[in-house]
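Summary of structural features
These are the residues of each chain, in order.
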Amino acid sequence: MLLPTTLDTHARRDLAPMDTAFEAFRQAYPAFDTTRQLDELRATEYARLDRQGHTYLDYTGGGLYAESQLRDHLALLSDGVFGNPHSKNLTSMATTQLVEQVRDSVLRYFNASPDEYLVIFTPNSTGALKLVGESYPFGPDDTYLLTFDNHNSVNGIREFARAKGATVTYVPIVPPDLRVAEDDLSRALACAQPGHNNLFAYPAQSNFTGVQHPLEWIAESQAKGWDVLLDAASFAPTNRLDLSRWQPDFVDISFYKIFGYPTGTGCLLVRKTAAHKLRRPWYAGGTITFSSVVAFDHYLTPGPAGFEDGTVNYLSLPAVEIGLKYIESIGIDLIHTRVMCLTGWLLDQLLSLHHSNGRPVIRLYGPPTTDQRGGTIQVNFLDQSDRLIDCNEVERLANAEHISLRAGCHCNPGAREVALGFTREQLVACFRDKERLTFEQFLHVIDGKTTGALRASIGLATNFADVYRYVQFAKTFLDKSM
Ligand SMILES: Cc1ncc(COP(=O)(O)O)c(C=O)c1O
């Protein structure tokens, strides 16, 4: 029997129907059987999930760590004596060596040549994005172009651009799939100012809709005079990012999203041909080779260290190498295959749910098939009169079933505004009297009830029982009225 063996009591109740559903799933998604290694890991490395009856469906929020990652990290720390880097004493040099080893392992993982890319360690993706925002040489006549579909940490770069007089332009996304229309993109890309700094930012995978925006845009926009910032935070955990094939100028990564542990570590990958453009607005301990109070000047350390303020997270960074090796031992393509099988089935099931009067139980925001999308499924639940049920209430009900979903806008206001159909008038009104408007009033102006949507995201430790339980939960909304 291929069913996961460690089901909690809650799931056992539904074992017979789950068995049948699982067989139908295997028929529909035969590639799933090639990923059975991950069911074994679920039972060993992630046993805590089933032991505690958790259905974890928030991998875009954060990945889960394997127990062996913790053991390997503990063993390394227990055996080593590591001092603060930036010195030539023995324990300091041991740390420097370890940190440089991790840097090399990141380059190898993304198949990036050390001749072409630099790895700058940051606390997370946001830290990487901020480095680009504050260091990119925006000025008047320069442009920051970005898609509506972006995380706030990418949107926020517009404040650096605006402060330096650059033009900020958004490319829209179009319902129902919430992708960018190629015509709109072509028009926007044609606006690069020759001889000026033009930065184009987009997510390889939307953290709101799961849409995978084409990686082909990278070379296309570079050819038209753009530097490209690819936000790979939600793409990297379940997709191969091969930097020998795709060569964005800047890429941000949060490691905890890929393998769960450690938090507080991320990186900015910078293409060397673009690195010379970045100008740090300040310097700090660790980033300079020499500075003088009397002479009022400093020399920035060349290479990544010039961007790593203060002391890097040197005891956690070795756990990044452990995490990357762990993912490599499974294979990111295998993880991808599994996630897409489970995503396809979950989409099919949720979209097939209808109240007795024929109306749908969910409204999906994003593509309805697995074509050019990842394992993030964003929905709102509808009662039998087609009224949206507050996503926060649904999240609360899911909690009672030990299902971790995520309600809200997921720091992606552009995707939310288009998905939920907020008008420009509504949104502009929210900012008219900023001093007085509380967040609750802001939500009220927008809608009064529906502030976002409910995200399920699938990752490397997800099994069939997890998505099955979510569908069972979704069925509890059948014929509901508010
Ligand atoms: C697409 C995307 N970009 C950037 C971020 C920011 O990541 P972090 O909060 O780890 O800095 C996230 C976080 O969810 C994300 O999903």
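Residues numbered from 1 in each chain as written. Predicted model: local features only at pLDDT ≥ 70, side-chain atom pairs only at ≥ 80, totals over all residues. Heavy atoms only, no water.

Focus on unusual backbone geometry
- At the junction of P175 and P176, the peptide bond is cis and its omega measures out at 5 degrees in the coordinates.
- In the segment running from Y261 into P262, the intervening peptide bond is cis, with an omega of 5 degrees.
- In this fold, P262 is placed in the loop between α12 (255–259) and β8 (266–271).
- Despite not being glycine, L178 shows a phi value in the positive range, around 65 degrees.
- Counting through the fold element by element, L178 comes out in the loop between β4 (167–171) and α10 (182–189).
- For L178, a relative accessible area of 1% corresponds to the buried category.
- Even without being glycine, C411 reaches a positive phi, approximately 60 degrees. (Helix = DSSP H or I, 4+ residues; strand = E, 2+ residues; numbered from the N terminus. Buried < 20%, exposed > 50% of the residue type's maximum accessible area, 1.4 Å probe, protein only.)

Focus on the pairing of strand β10 (residues 297–300)
- Direction of pairing for strand β9 (residues 288–292) relative to β10: antiparallel, over a ladder of 4 bridges. Within the sheet, the bridge partner assigned to S292 lies in β10 and is D297.
- In this structure, the hairpin formed by β9 and β10 is closed by a connection of 4 residues, where F296 is found at a positive phi of approximately 60 degrees. (Pairing = 2+ DSSP bridges.)

As for the side chain of D142
- Inspection of the secondary structure assignment puts D142 in the loop between α7 (125–135) and β3 (143–147).
- Within the buried set, D142 has no salt-bridge partner at all; the shortest N-O distance to an opposite charge, 8.1 Å, is to K277.
- A distance of 3.4 Å separates a polar atom in the side chain of D142 from a polar atom in the side chain of H196.
- Residue contacts for D142: discarding those within four places in its chain leaves P137, A166, T167, H196 and N197. (Lys, Arg positive; Asp, Glu negative; His and termini not counted. Salt bridge = Lys/Arg side-chain N within 4 Å of Asp/Glu carboxyl O. Polar contact = N/O pair within 3.5 Å; in protein donor to acceptor, adjacent residues only side chain to side chain. Contact = heavy atoms within 4.5 Å.)

Details of the environment of V379
- As for its placement among the helices and strands, V379 is situated in strand β12 (residues 376–382).
- Between the C-alpha atom of V379 and that of L189, which follows or precedes it by 190 residues, the distance is 31 Å.
- Residue contacts for V379: discarding those within four places in its chain leaves I362, R363, L364, Y365, A453, L454 and Y470.

Describing the site of the ligand
- Residues in close proximity to the ligand include N124, S125, T126, H151, N207, D231, A233, S234, S254, Y256 and K257, which together make up its full environment.
- In the environment of the ligand, an oxygen atom lies 2.7 Å from a nitrogen or oxygen atom belonging to the side chain of K257.
- Secondary structure elements with two or more residues in the shell around the ligand: α7 and α12.
- Looking at the shell around the ligand residue by residue, the class counts come to 2 nonpolar, 7 polar and 2 charged. (Near = heavy atom within 4 Å. Nonpolar A, V, L, I, M, F, W, Y, C, P; charged D, E, K, R; others polar.)

Let's talk about α7
- Taken across its 11 residues, α7 has 9 buried, putting it largely inside the fold.
- Burial in α7 covers these residues: S125, G127, A128, L129, L131, V132, G133, E134 and S135.
- Of the residues that open α7, the one with a side-chain oxygen 3.3 Å from the backbone nitrogen of T126 is N124.

Here's the deal with the sheet that holds strand β2 (residues 117–122)
- Strands sit in the order β2-β8-β7-β6-β5-β3-β4 across an open sheet of 7 strands; the sheet is mixed. Each edge of the open sheet is held by one strand with a lone partner, namely β2 and β4. With direction set aside, neighbouring strand axes in the sheet form an average angle of 20 degrees.
- Here strand β6 (residues 227–231) runs beside strand β7 (residues 250–254); their pairing, made up of 3 bridges, is parallel. When the sheet's bridge partners are listed, L229 is paired in β7 with F250. (Axes fitted to C-alpha atoms, helices over the stretch in contact; angles between N-to-C directions.)

Examining the pattern of salt bridges
- The tally for this structure, following the rule as stated, stands at 25 salt bridges.
- With its nearest N and O atoms 2.7 Å apart, the salt bridge here joins D227 to K277. Within this pair, whereas D227 is found in strand β6, its partner K277 is found in the loop between α13 (272–275) and β9, the two being separated by 50 residues in sequence. Each member of the pair D227 and K277 is classed as buried.
- Among the charged side chains, a salt-bridge network with shared partners connects E23, R26, D33, R36, D39 and R338.

Topic: the nonpolar core
- Grouped together as the largest cluster of nonpolar side chains are 114 residues, with contacts concentrated most on V106, F110, I253, L269, F381, F464 and Y470.
- Sorting elements by how many residues they give to this core places helix α15 (residues 332–352) first, with 11 residues.
- If we skip the residues at most four places from it in the chain, I253 touches F110, N124, S125, A232, A236, I258, G266, C267 and L269.
- Membership of the second largest hydrophobic core comes to 24 residues, among which are L118, I120, F250 and A274. (Core = buried A, V, L, I, M, F, W, Y, C linked by side-chain atoms within 4.5 Å.)

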